[in-house]
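A closer look at the structure
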Amino acid sequence: MSARTDIPAPAGMLAELTHRCPLGCPYCSNPVALEKPASELDTATWKRVFSEAAKAGVLHVHLSGGEPCVRTDIADLTAHCADVGLYTNLITSGVGLNRRLFDALVAARLDHLQLSIQDAEAASADRIAGYDGAFARKKEIARWTVEAGLPLTINAVMHRANIARAARMVELAIELGARRVEVAHAQYYGWGLVNRAALMPSRAETEIAVAAVEALRKTHEGVIVIDHVVPDYHARYPKACMSGWARRTFNVTPSGKVLPCHAAETIPHLDFWNVRERSVADIWYESPAFNAYRGLDWMKEPCRSCERREIDFGGCRCQALALTGDARNTDPICEKSPLHAGVGALAAHDAASGALDYRYRRLGAKT
């Protein structure tokens, strides 16, 4: 696909303003080779990119990282997004966000704040984050957000260390005044893949947690929206990753590379165009990387003739590569894949491994 009339305009954009972050979360989906501060786009370039994104049809932008609040221009960038009509969602760890900067973001017309919480228990949360005092800081940021009248989303990533408290995480989000909570079981890309053996819960633990969270949907209907990203390795069918490759959203890395998803750079034969040289619209419609798995024509069997091909779009290309060696294969999470049984065995092996130590996400870390 390459004709612009055949491709819907993008609706969302993830702006990874930096890979710098005070936390070291072992499930982070950022690449293991984090981009250095010297390679980051400057303020003027980011503003141009946001203007181009709005013109191309983007409605909302997620200001993310790393930790976006380490950028000294974060309030300026937020204000510019508001000026060009973009709805802004700040995805933050909360650590390093002081009151002065928070007030500046409110004044800059920030629309929404999304706060990560690593566990419902302080000691465990701080260990997972690799940062003492992070849990207490996050609760303070949540209070500021609610008091300012901003919508608050709590993001809770589930894995072996906290999965027994999945329901408690939802209750904590309600206590913090969140309007939405995203309970997302760990996805094994980037640092998550490095730490998979230490993160993988058992099937039994997963089934208990999934049932508990689904029950809370009914209990708290009308109180909080519960988005539930179920675990891949214990599933029957894959998720429609990014709602399908290059169908609705795109990522811009700190250095300006434009990707269809977080982990796309793991696919070695793809060439990712950069906003330093090309416009957002040109990249969205014409980039060979974006068109590589767009639509259905690229599909192999069993995806090509499957009744689910326009539901999950064959699953995740990056996961297919990681688990089968070929990005065009059916995501082996799917029970229709001939390699599906091997995924279950891999998950069971990792869950039973007894691995406890994390390789924390750090700039310059060696794996």
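Residues numbered from 1 in each chain as written. Predicted model: local features only at pLDDT ≥ 70, side-chain atom pairs only at ≥ 80, totals over all residues. Heavy atoms only, no water.

Bringing the overall build of the protein chain into the picture now. Helix and strand counts for the protein chain come out as 13 helices and 9 strands. Its C-alpha radius of gyration of 20 Å places the protein chain within 12% of the 21 Å reference for a compact globule of 367 residues. Counting only residues that meet the buried cut, the protein chain has 53% of its 367 residues in that class. Within the protein chain, contacts between residues at least 6 apart in sequence are counted, and of these 74% link residues at least 24 apart. When the accessible area of the protein chain is evaluated, it comes to approximately 15100 Å², of which 54% is carbon and sulfur surface. Computing the positive centroid from 43 side-chain charges and the negative centroid from 42, the protein chain places the two 1 Å apart. (Helix = DSSP H or I, 4+ residues; strand = E, 2+ residues; numbered from the N terminus. Rg over C-alpha atoms; globule rule 2.2 N^0.38 Å. Buried < 20%, exposed > 50% of the residue type's maximum accessible area, 1.4 Å probe, protein only. Contact = heavy atoms within 4.5 Å. Areas by Shrake-Rupley, 256 points an atom, 1.4 Å probe, with all protein chains shown as cover. Lys, Arg positive; Asp, Glu negative; His and termini not counted. Charge placed at Lys NZ, Arg CZ, Asp CG, Glu CD.)

Right, let's get into the pattern of salt bridges. The final tally for this structure, using the stated rule, is 24 salt bridges. Here Lys47 ties to Asp76 by a salt bridge, and the two come within 3.1 Å at their closest N and O atoms. Taken together, the positions of Lys47 in helix 1 (residues 43–56) and Asp76 in helix 2 (residues 74–83) put the pair 29 residues apart, joining distant regions of the chain. Lys47 gets classed as partly exposed once you look at its relative accessible area, which sits at 24%. (Salt bridge = Lys/Arg side-chain N within 4 Å of Asp/Glu carboxyl O.)

Applying the stated criterion across every chain yields a total of 0 disulfides. Cys241 forms no disulfide, and the closest cysteine sulfur to it belongs to Cys316, at a distance of 3.9 Å. The thiol of Cys334 is unpaired, and the distance to the nearest cysteine sulfur, on Cys306, comes to 6.1 Å. Residue classification places Cys334 among the buried residues on the basis of a relative accessible area of 6%. (Disulfide = S-S within 2.5 Å.)

The next subject is the environment of Leu216. Inspection of the secondary structure assignment puts Leu216 in helix 9 (residues 203–219). Linking Leu216 and Ile91, residues 125 residues apart in sequence, is a C-alpha distance of 24 Å. Beyond its immediate sequence surroundings of up to four residues, Leu216 is in contact with Ala167, Val170, Glu171 and Ile226.

Moving on to the sheet that holds strand 4 (residues 112–116). With mixed pairing, the 9 strands of this open sheet are ordered in space as 7-6-5-4-3-2-1-8-9. Unpaired on one side and paired on the other, strand 7 (225–229) and strand 9 (258–259) mark the two borders of the sheet. Sheet topology note: the strand 2 (residues 60–64)/strand 3 (residues 87–92) ladder contains 4 bridges and is parallel. Within the sheet, the bridge partner assigned to His60 lies in strand 3 and is Tyr87. Of the strands in this sheet, strand 1 (12–16), strand 2 and strand 8 (249–252) touch helix 1, which is tilted by about 170 degrees from strand 1. (Pairing = 2+ DSSP bridges. Axes fitted to C-alpha atoms, helices over the stretch in contact; angles between N-to-C directions.)

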